[in-house]
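Structural description and commentary
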Amino acid sequence: MTLINSTDHPACWPALPLDSWQDTYATLHMWTQIVGKIRLRLTPLVNHWWNVPLYVTSRGLTTSRIPYGDRAFELRFDFIRHQLVLETSDAIVKTLPLAPRTVADFYQECFAMLRAAGIDVKIWPMPVEIPNPIRFDQDRQHSSYDPDAVAKFWRILLSVDAVFHRFRSRFIGKNSPVHFFWGSFDLAVTRFSGRKAPPRDGADFVTREAYSHEVSSVGFWPGAGIAGAAFYSYMAPEPQGFRDAQVSPAAAHYDKTLSEFVVMYDDVRAAASPTEALLAFCQSTYEAGAKAAKWDRDSLERSSLEQSSFERAEAT
């Protein structure tokens, strides 16, 4: 069997129906919010909240380095050994097993682990971006953890992260990192036109900071808000004609409720090349939006010749 891309092996795109891990999904979402809020509390604001997300690693998700006085530390979700790992700049290593436990217990044990390493931090204990939030320290409703499902989720993140980095490399304008937002529980990468966006009426300070400039964003949801895992693409503000554009792959469509283009994960994983199908979705939706919004694409993108040269060099 000849694969177009090494990431097209079926093992790289496992099936993960939402109903097969919904309870674990909800619990893990809260755990990532706890860890993410620790990073938020201790790092200076970077434009568009880029100091907040987590990042995909070869083993799971990480906060990256967090400064703490004359020290630094990192918190990592290791989805191979299934543990939360704390490592400090003065050689302290502590772990918290990832196993069925309530959010309240995880919250208490996570902060106990930090205190044992001499790290004292407090966060606002309310979840965000979910309906009917329960304070972390009072949440005994969410307590599931299926390691097999989480391993599949991480394997998907590895594949999507690789594709998003390829897509990101084609753009030479302002470009976000590929990062995992724990609030909405999605992996995303965002391109910027360089122009300020008009103010959003009634927007809170979080939204104003996130959308202060024109953006084209693509991302991966493992299931929140729709029937299953999906990829999305949107423009903010949305230019006239964007929603009527013809995009790829054929299964992609514009969702009027979300005001975004969507293609289901299962349609991508079923493609002859999931990598190329996802790249086509990213590229075609971006091009539709950039054209409609009259972005200065000549100054923001690599030429096709440059991009081909880079990709050939990477292949040798």
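Counting restarts for each chain, with residues numbered from 1 along the sequence as it is written. The predicted nature of this model means local features are confined to residues of pLDDT at least 70 and side-chain atom pairs, given and counted, to a pLDDT of 80 or more, with totals for whole chains, interfaces and linings taken over all residues. Calculated side-chain values reflect all of the structure's heavy atoms, with hydrogen atoms and water omitted.

Another aspect to go through is the packing of helix α3 (residues 147-169) against helix α6 (residues 274-292). Packed helices, taken two at a time, are described by the angle between their axes plus the distance between the axes. Relative orientation of the contacting elements α3 and α6 amounts to 45 degrees, with a least axis distance of 10 Å. With respect to α6, the element α3 is oriented oblique. At the point where α3 passes α6, the crossing takes the right-handed sense. Counted together, V160, V163, F164, R166 and F167 of α3 and T275, E276, L278, L279, C282, Q283 and Y286 of α6 form the full contact between these two elements. Residue type decides the class: Asp, Glu, Lys and Arg count as charged, Ala, Val, Leu, Ile, Met, Phe, Trp, Tyr, Cys and Pro as nonpolar, and the leftover types, Gly among them, as polar. Of the residues contributing to the contact of α3 with α6, the split by class is eight nonpolar, two polar and two charged. Note on definitions: angles span 0 to 180 degrees between N-to-C directions of axes, and those axes are lines fitted to C-alpha atoms, for helices only across the stretch in contact. Think of it this way: any DSSP run of H or I at least four residues long counts as a helix, any run of E at least two long counts as a strand, and we number them from the N terminus. Orientation labels follow simple angle bins: below 35 degrees gives roughly parallel, above 145 gives roughly antiparallel, 65 to 115 gives roughly perpendicular, and whatever is left gives oblique. Take the far helix as your reference; a near helix turned counterclockwise from it by less than a right angle gives a left-handed crossing, and one turned clockwise gives a right-handed crossing. Working rule for contacts: check all heavy atoms of both residues, and any pair within 4.5 Å makes them a contact.

By secondary structure assignment, the location of P53 is in the loop between α1 (22-42) and β1 (55-56). Spatially, the C-alpha atoms of P53 and L16 are 23 Å apart, while their sequence positions differ by 37 residues. When near neighbours in sequence (up to four residues on either side) are disregarded, P53 contacts R39, H179, F180, F181 and W182.

Here we take up α1. The length a helix should cover is 1.5 Å for every residue beyond the first. Under the 1.5 Å per step criterion, the end-to-end length of α1 is 31 Å for 21 residues, consistent within 8% with the ideal 30 Å. Only protein chains enter the accessibility calculation, which uses a 1.4 Å probe; a residue is then buried when its area is under 20% of its type maximum, exposed when over 50%, and partly exposed in between. A large share of α1 lies buried, amounting to 16 of its 21 residues.

This next bit is on the packing of aromatic side chains. Any two of the Phe, Tyr and Trp rings considered here, Trp counted by its six-membered ring, make a pair once their centres fall within 6.5 Å; the pair's planes then place it as stacked at under 30 degrees, edge-to-face at over 60, or tilted in between. Throughout the structure, instances matching the rule amount to 26 aromatic pairs. Here the aromatic rings of Y232 and Y234 are separated by 6.0 Å at their centres, their planes lie at 20 degrees, and the arrangement is stacked. Neither residue differs from the other here; Y232 and Y234 are each classed as buried. For the pair F242 and F261, a centre-to-centre distance of 5.0 Å together with 90 degrees between the ring planes defines the contact as edge-to-face. With F242 in the loop between β10 (230-236) and β11 (253-255) and F261 in strand β12 (residues 260-264), the pair connects residues that are 19 residues apart, well separated along the chain. Sitting above the plane of the Y211 ring, R200 keeps its charged end 4.3 Å from the centroid. Geometrically, a lysine NZ or arginine CZ counts as sitting over a ring once it is within 6 Å of the ring centre and also within 35 degrees of the ring normal.

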